[in-house]
Amino acid sequence: MTTNSTALPLPASFALDRRIQRPLVILLALAAPLVALSMGKSWVRVLDFALLYVLLAIGLNLVVGFAGLLDLGYIAFYAVGAYTWAFLASPHFGIHLPFWIVLPLGAAFAALAGIALGFPTLRLRGDYLAIVTLGFGEIIRIFMNNLNQPINITNGPQGIDSIDPLTIAGLDLSKDLDLFGFQIPSLTLYYYAFLACVVAAIILVRRLQISRIGRAWAAIRDDELAAKAIGIDTRMMKLLAFGLGATFGGVSGGLFAAFQGFVSPESFSLMESIVVLTMIVLGGMGNLAGVIVGAIMLTALPELLRHFAVPMQMALFGKTLLDPEVLRMLLLSLAMIVMMLVRPAGLLPARTRYAHRDRRNA
Amino acid sequence: MKQNKLIFALAAASLVAGAVQAKEVVVRIGHAGPLTGPAAAFGKDGENGARLAIEDANAKGIKIGGDTVKFELVSEDDQADPRTATTVAQRLTDSGVKGVVGHVTSGASIPASRIYEQAGIPVITPSSTSPKLTQQGYKMTFRVIANDLQQGNALGKYAVDQLKAKKIAVIDDRTAYGQGLADAFANSVKVSGGQIAGREFTNDKATDFMAILTKIKATNPDAVFYGGMDAQAAPLARQMKQLGMTAKLLTGDGGCTGEMIKMAGDALSATTFCTQAGIPLDKMPGGAAFRTQFKQRFGNDIHVYAPYAYDAMMSVIEAMKTAGSVEPAKYQPALRSLAYQGVTGPVAFDDKGDIKGGAITVYNFDAGKWAPLQTIQ
Amino acid sequence: METFLQQTLNGLVSGSIYALVALGYTMVYGILGLINFAHGELVMIGALVALQTVTALSGAFPGLHPVILLIAGVAVAVPVCMAVGYLIERIGYRRLRNAPRLAPLITAIGVSFLLQTLAMIIWGREFHVFPQLVSTTPMQPMDGVVVSPLQIFTIVVAFALMGGLMLLVNKSRLGRAMRATAENHRVAGLMGINANGVIAATFIIGSGLAALAGVLFASNYAIAHYAMGFTPGLKAFTAAVLGGIGNLPGAMVGGLVLGLVESFGAGYIEHLTFGFLNSSYQDIFAFMILGAVLIFRPSGLLGERVADRA
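Here the structure is a predicted model, which means the values were calculated and not measured.

A look at the overall build of chain B
So, point 1. A tally of helices and strands in chain B yields twelve helices and 15 strands.
So, point 2. Relative to the globule expectation of 21 Å for 377 residues, the C-alpha radius of gyration of chain B, 22 Å, shows essentially globular dimensions.
So, point 3. Pairs at least 24 residues apart make up 66% of the contacts formed inside chain B by residues separated by at least 6 positions.
So, point 4. Averaged over its 40 positive side-chain charges, chain B has a centre that lies 3 Å from the centre of its 35 negative ones.

Given below as structure tokens:
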């Protein structure tokens, strides 16, 4: 779906020389929390969440953008990851395992859930798949909400609190770090931990994209019949897409639980799935950079609206006509419609080839 | 001792400064709750209550530690969403608030309380009733309203002892609030010697309760309890009537609203009961006056939680006055030992931060409004 | 036994509303192969517009007979929904008719959320009371079973509409054009059928039915709200798939079956699973059925089109 010719050429400013582009992005990523900190800790928190969403968007992009399978229940994997962490590292069951056990386990469970969803839906395409995945997401949420009886597993709607923070090699990220007299706030520590995960994910996905698997996905996305005809095991490849995509969701969910310290089913509503989908639609399905930009934009959007839209309306009309939440919904829905009509490939469209022509940058 | 000297010195210094020019200190206090989203009405109500308290305090010209203090409300919108709540909490602590009234929903209060605890800023919720909030062992978390346990216990006991209901069916909406309340209620009914005739479930977006009501009807209970909000309780009441059920309908504070009366219409009768935490406003010495003042200021009636938000705000200000300081670390102990006569009743906290002896009042639908029947301490 | 009959009745009432909504899904799918996600929102718009009309009328002319109010509400709600339905097709979907499969689907989700948000801006977030224009006083045809005139009215109206639609599709000229377009809209065009017009007509008819379903829904539960359309929409879609999407009688059967399954499910699941599951799982029955049907019998109960065709 991304490989159509309607993709507009990139504006000149995006087409910076790649040799400048890359260090610039790295610098920006490293310096972002420092800049944000000067504007207040809440902005660092926004950045932290943005990275978690980037991770989610990368994972969903694998399924939707690469393999062309529309998944409307993606948030279920996020939930699986978050609940795994909450089960294995909180006073709820009295288990406190370290992150290097919990996080991979969460990812593995999410992957299993992904395969469990993928297996029966292999034959479905397009709209049907979308509806079934939507149903799957709701089923998972409803189970999490109700499994406090007859035996209490998830603690039901009350959620699980006092979840252990992320502790890496004895360093508790939930506490400010005192480094040679410099105070590094906990939020900044989390930022770099999340950034490391995002970078790892990017590297992995880029390798995947140009691998045999990535090319197989692209083939399925563009024409499943033809893909089958040239000998691609479409069943296997689709399962792989679901499983791998879910893994990213699981990791992100685990980090979310550790960061937030509290999980409850209301964090995993259908709306969240839609938001993540909009991120990749807006940014450019199938294109990593686009997806990341989309995720960051949409995470920052409510905060920006809160900061600018409300005072602006106050100044113009003397009262808030449209509150930020309504504006956000309005913009999200319009983005989905308008993007499909005007620029179906997203802000930063995927290049027409799945592989990198320029070997040096591969 | 040393500290006291320091305060004294500071106070003296400020007195000297005050002699030169009338000094006015601006103290910012936060309010957090859903101002947008489905629960916006509750958040707005709380915000208005908190705002009224601030305006009253400012009108009195309160002096703390020698300075005239001008309070300022910083209101934030948490959309009743757990994740947004933490961002909002962070922003409030960033903006240097000395205390926070909020959050309104338990799902928001619980994750936010961790951030206030780390920042050392007292937070008083006017309406989050989940028992878990104060079970986390945080020093900075307070609550001026009876929690779900207290409310469910009181209503359960009342239903069995006073309403003589032997068999009671329990429905909840699978939200943290509804489920917590329904569990406490069901427990209390059993302890009081009643019998739970059935436990049914719905959700907070449902409109059709015919199937579960039909099932309940078959067990012929004396009463049906619903743990949830008015938007579901009202159609539930209508459908009970439609099915010709004569069982009493009991709800907690979520169904004890004016909206409930409006939406359920003629489905309510003398067999509908509900509870609210606190003493009925009109029974309070200053209650009627508060309602009039509130109506005058904001042009609409109190929804539910405004008086609690008012008391929460006043508790912060009272504690600051007692401690002679607006600094959280200084006035937090005063908050712990607070004894303040609020709009909703006497405000004092136990060692967990819950209100001491929170009163629960049982109401009965009578001639188009909720009439208080009995207040249980 | 009485409980069983009562549950059947409950199921028939909600099922006939599902069926009406499902018809809209199935018609659009039959002709375009598109899931019109926004269809559920038309139910909501229908209910809220009718409510607005009734409130305004009864404010201006107090003492008006409820039946006149109801007719007036419907008379305004149906054209409004038809117009909205037409606009959705014209602006949102028409340009994407030959686009890759994901594009119209994402647009449809966008339209759904857009309509919800707009409704929220217009009517606010609060729950509105929908006046009871048809009596709900319970009657007792037999011991232990109660039925209200409103419930009978709902079932009768739903069946009448479904019958009317069947006549329209099978007997009228427009119906023949619709069937031809569904078969292959290019060839239909060659036969002198204005395919765009027929597609627009399909959307308009489906939207009108959704408006009526909205009024029935709101009357039955006495409530109207900006987000009320989403869940019935989703369930109606399930019903359409259950019956075999693209198949009109299938949508009706699917709707009724789903209504009954939900009703019996909530009533009996606790006994069937020995207390392990209970009515808190009422909302997942629809999804479970959907999954099962698509996996084991993709062409639905009555069949016709194959799901894989998507």
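The discussion continues.
A short note on the interface of chain A and chain C
So, point 1. The partner chain C presents 48 residues to the 42 residues of chain A that form the contact.
So, point 2. Contact between chain A and chain C buries roughly 4100 Å² in total, counting both sides, with carbon and sulfur atoms accounting for 79%.
So, point 3. Counting every contact that joins chain A to chain C gives zero salt bridges.
So, point 4. Seen at the junction of chain A and chain C, the total is two residue pairs in polar contact (both at pLDDT 80 or more).
So, point 5. Every element with two or more residues in the side of chain A that touches chain C is listed here: helix H5 (126-146), helix H10 (270-283) and helix H12 (324-342) of chain A.

Concerning the pairing of strand E2 (residues 139-142) of chain C
Residue and element names in this part refer to chain C.
So, point 1. Pairing of E2 with strand E3 (residues 145-147), which is carried by two bridges, proceeds in the antiparallel orientation. Within E3, the position partnered with Met-139 by the bridge is Val-147.
So, point 2. The antiparallel hairpin formed by E2 and E3 contains two residues in its connecting segment, where Gly-144 sits at a positive phi of about 85 degrees.

Considering the pattern of salt bridges
Residue and element names in this part refer to chain B.
So, point 1. Evaluation of the coordinates by the stated rule reveals 27 salt bridges over all chains.
So, point 2. Between Asp-161 and Lys-157 there is a salt bridge; the shortest N-O distance is 3.0 Å. Highlighted residues: Asp-161 and Lys-157, both in helix H5 (residues 148-161), separated by four residues, approximately one helical turn.
So, point 3. A relative accessible area of 29% places Asp-161 in the partly exposed class.
So, point 4. Close ionic contact of Asp-266 with Lys-241 constitutes a salt bridge, the shortest N to O distance being 3.5 Å. Of the two residues, Asp-266 sits in the loop between helix H9 (258-264) and strand E11 (272-277) while Lys-241 sits in helix H8 (residues 230-242), which places them 25 residues apart along the sequence.

Details of the side chain of Lys-132 of chain B
So, point 1. Position of Lys-132 of chain B among the secondary structure elements: in the loop between strand E5 (123-125) and strand E6 (141-143).
So, point 2. A distance of 3.4 Å separates the side chain of Lys-132 of chain B from the backbone oxygen of Gln-158 of chain A, its partner in a polar contact.
So, point 3. Setting aside its immediate chain neighbours within four residues, Lys-132 of chain B contacts Asn-155, Gln-158, Gly-159, Ile-160 and Asp-161 of chain A together with Ile-110 of chain B.

Things to note about the packing of aromatic side chains
So, point 1. Evaluated as defined, the whole model comprises 31 aromatic pairs over all chains.
So, point 2. A ring pair is formed by Tyr-78 of chain A and Phe-256 of chain A, whose centres lie 5.2 Å apart and whose planes are at 35 degrees; its orientation type is tilted. Residue Tyr-78 of chain A is found in helix H3 (residues 75-88), and its partner Phe-256 of chain A is found in helix H9 (residues 234-260); the two are separated by 178 residues along the sequence.
So, point 3. When the ring of Tyr-93 of chain C is compared with that of Phe-203 of chain C, the centres are 5.8 Å apart and the planes differ by 45 degrees; the resulting orientation is tilted. With Tyr-93 of chain C in helix H3 (residues 66-93) and Phe-203 of chain C in helix H8 (residues 195-221), this residue pair connects regions lying 110 residues apart in the sequence. Phe-203 of chain C shares its class with Tyr-93 of chain C; the two are buried.
So, point 4. Taken together, Phe-49, Tyr-78, Tyr-83, Phe-87, Phe-93, Tyr-190, Phe-194, Phe-256, Phe-259 and Phe-268 of chain A form an aromatic cluster joined through their ring pairs.

So, the interface of chain B and chain C
So, point 1. Listed as interface residues are 29 residues of chain B and, on the opposing side, 29 residues of chain C.
So, point 2. Taken together, chain B and chain C are joined by zero salt bridges.
So, point 3. The interface formed by chain B and chain C holds nine residue pairs in polar contact (both at pLDDT 80 or more) in total.
So, point 4. Listing elements by their share of the side of chain B that touches chain C, those giving two or more residues are strand E8 (195-201), helix H7 (210-219), H8 and H9 of chain B.

Here we look at unusual backbone geometry
So, point 1. The omega torsion across Gly-102 of chain B and His-103 of chain B is -15 degrees, close enough to zero to call that bond cis.
So, point 2. For Ala-169 of chain A, which is not a glycine, the phi torsion comes out positive at approximately 50 degrees.
So, point 3. Mapped onto the elements, Ala-169 of chain A comes out in the loop between strand E3 (167-168) and strand E4 (171-172).

Quick look at the state of the cysteines
All names here are of chain B.
So, point 1. Applying the stated criterion to the full structure yields one disulfide over all chains.
So, point 2. Residue Cys-256 pairs covalently with Cys-274 via a disulfide, S to S 2.0 Å. Looking along the S-S bond of the Cys-256-Cys-274 disulfide, the torsion reads about 55 degrees, which is the right-handed sense. Separated by 18 residues along the polypeptide, Cys-256 in the loop between strand E10 (248-251) and H9 and Cys-274 in strand E11 bring together distant segments of the chain. Considered together, Cys-256 and Cys-274 belong to a single accessibility category, that of buried residues.

Quick look at the sheet that holds E10 of chain B
Adjacent strands of a sheet form backbone hydrogen bonds with each other and so pair up, either parallel or antiparallel.
Residues and elements named next belong to chain B.
So, point 1. Pairing is mixed in the open sheet, where seven strands are placed in the order E8-E7-E9-E10-E11-E14-E15. The open sheet terminates on both sides in strands that have one partner only, identified here as E8 and strand E15 (369-376). Between one strand and the next, the sheet's axes are offset by a mean angle of 25 degrees, whatever the strand orientation.
So, point 2. Pairing geometry for E10 and E11, over three bridges, is parallel. Its bridge partner lying in E11, Thr-251 is registered against Cys-274.
So, point 3. Sitting on the sheet, helix H6 (residues 176-191) touches strand E7 (167-172), E8, strand E9 (223-227) and E10, and the angle it makes with E7 is about 165 degrees.

Comments concerning the packing of H5 of chain B against H6 of chain B
All names here are of chain B.
So, point 1. Their axes nearest at 7 Å, the elements H5 and H6 cross at an angle of 40 degrees. For the element pair H5 / H6, the angle class is oblique. You can see that H5 and H6 cross each other, and the crossing is right-handed. Where H5 abuts H6, its residues Asp-148, Leu-149, Gln-151, Gly-152, Asn-153, Leu-155, Gly-156, Lys-157, Ala-159 and Val-160 lie against Ala-176, Tyr-177, Gly-180, Leu-181, Ala-184, Phe-185, Ser-188 and Val-189.
So, point 2. Split into classes, the residues belonging to the contact of H5 with H6 amount to ten nonpolar, six polar and two charged.

Digging into helix H3 (residues 82-94) of chain B
All names here are of chain B.
So, point 1. Relative to the 18 Å expected for 13 residues at 1.5 Å per residue, H3 spans 19 Å between its end C-alpha atoms, a close match to the ideal helical length.
So, point 2. Of all the 13 residues making up H3, twelve are buried; the element is thus mostly covered by neighbouring parts of the structure.
So, point 3. Along H3, the positions that sit buried rather than exposed are Pro-82, Arg-83, Thr-84, Ala-85, Thr-86, Thr-87, Val-88, Ala-89, Gln-90, Arg-91, Leu-92 and Thr-93.
So, point 4. Note on H3: the residue one or two positions beyond its end, Gly-96, has a positive phi of about 75 degrees.

A short note on the domain arrangement of chain B
Residues and elements named next belong to chain B.
So, point 1. You can read the domains of chain B as domain 1 (2-146 + 283-344) and domain 2 (149-277 + 360-376).
So, point 2. A C-alpha centroid distance of 33 Å is found between domain 1 and domain 2.
So, point 3. Each partner contributes to the interface: domain 1 provides ten residues, whereas domain 2 provides eleven residues.
So, point 4. Carbon and sulfur atoms make up 64% of the surface buried where domain 1 meets domain 2, a total of about 890 Å² over both sides.
So, point 5. Contact with domain 2 buries surface across domain 1, with Thr-129, Ala-146 and Val-304 losing the most and accounting together for 41% of the total.
So, point 6. At the boundary of domain 1 with domain 2, the tally comes to zero salt bridges.
So, point 7. Grouping the amino acids of the side of domain 1 that touches domain 2 by side-chain chemistry returns seven nonpolar, two polar and one charged.

Some thoughts on the sheet that holds E5 of chain B
All names here are of chain B.
So, point 1. The strand order across the open sheet built from six strands is E2-E3-E1-E4-E5-E6, with neighbouring strands paired in mixed fashion. The outermost strands of the open sheet, each flanked by one partner alone, are strand E2 (63-64) and E6.
So, point 2. With two bridges connecting them, strand E4 (residues 99-102) and E5 associate as parallel partners. Among the inter-strand pairings, Val-100 is bridged to a residue of E5, identified as Val-123.

Points about the nonpolar core
So, point 1. Counting 221 residues, the largest nonpolar core has Trp-85, Val-263 and Leu-277 of chain A together with Leu-23 and Phe-37 of chain C as its most contacted members.
So, point 2. No other element matches the 17 residues that helix H2 (residues 41-66) of chain A contributes to this core.
So, point 3. Not counting residues within four places of it along the chain, the set of residues in contact with Leu-23 of chain C comprises Met-162, Leu-165, Leu-209, Leu-248, Ala-251 and Met-252 of chain C.
So, point 4. Grouped together as the second largest cluster of nonpolar side chains are 52 residues, Ala-39, Leu-52, Met-313 and Met-320 of chain B included.

Quick word on the confidence of the model for chain B
Residue and element names in this part refer to chain B.
So, point 1. When the pLDDT values of chain B are averaged, the result is 87; 94% of them are 70 or greater.
So, point 2. Per-element averaging of pLDDT across chain B places helix H1 (residues 2-20) at the bottom with 50 and E5 at the top with 96.
So, point 3. Here residues 14-20 scores under 50 on pLDDT; set against residues more than four positions off or in separate chains, the count is two contacts.

Some points on the pairing of E4 of chain B
Residues and elements named next belong to chain B.
So, point 1. Alternating residues of E4 divide into Gly-99 and Val-101 and Val-100 and Gly-102, and every residue in both groups is buried.
So, point 2. Note: strand E1 (residues 24-33) against E4, four bridges, orientation parallel. The residue of E4 that forms the bridge with His-31 is Val-101.
So, point 3. As a crossover connection, the stretch from E4 through helix H4 (residues 106-119) into E5 is right-handed.

Procedures and definitions
- Residues numbered from 1 in each chain as written.
- Chains lettered and ligands numbered in written order.
- Predicted model: local features only at pLDDT ≥ 70, side-chain atom pairs only at ≥ 80, totals over all residues.
- Heavy atoms only, no water.
- Helix = DSSP H or I, 4+ residues; strand = E, 2+ residues; numbered from the N terminus.
- Rg over C-alpha atoms; globule rule 2.2 N^0.38 Å.
- Contact = heavy atoms within 4.5 Å.
- Lys, Arg positive; Asp, Glu negative; His and termini not counted.
- Charge placed at Lys NZ, Arg CZ, Asp CG, Glu CD.
- Buried area = accessible area lost by both parts, 1.4 Å probe.
- Salt bridge = Lys/Arg side-chain N within 4 Å of Asp/Glu carboxyl O.
- Polar contact = N/O pair within 3.5 Å; in protein donor to acceptor, adjacent residues only side chain to side chain.
- Pairing = 2+ DSSP bridges.
- Buried < 20%, exposed > 50% of the residue type's maximum accessible area, 1.4 Å probe, protein only.
- Phe/Tyr/Trp six-rings, centres within 6.5 Å; stacked < 30°, edge-to-face > 60°.
- Disulfide = S-S within 2.5 Å.
- Axes fitted to C-alpha atoms, helices over the stretch in contact; angles between N-to-C directions.
- Parallel < 35°, antiparallel > 145°, perpendicular 65-115°, else oblique.
- Left-handed = near helix turned anticlockwise from the far one by under 90°.
- Nonpolar A, V, L, I, M, F, W, Y, C, P; charged D, E, K, R; others polar.
- Expected span 1.5 Å × (residues − 1).
- Domains from an automatic or database assignment.
- Core = buried A, V, L, I, M, F, W, Y, C linked by side-chain atoms within 4.5 Å.
- pLDDT = per-residue confidence, 0-100.
- Right-handed = clockwise from strand over helix to strand, strands pointing away.

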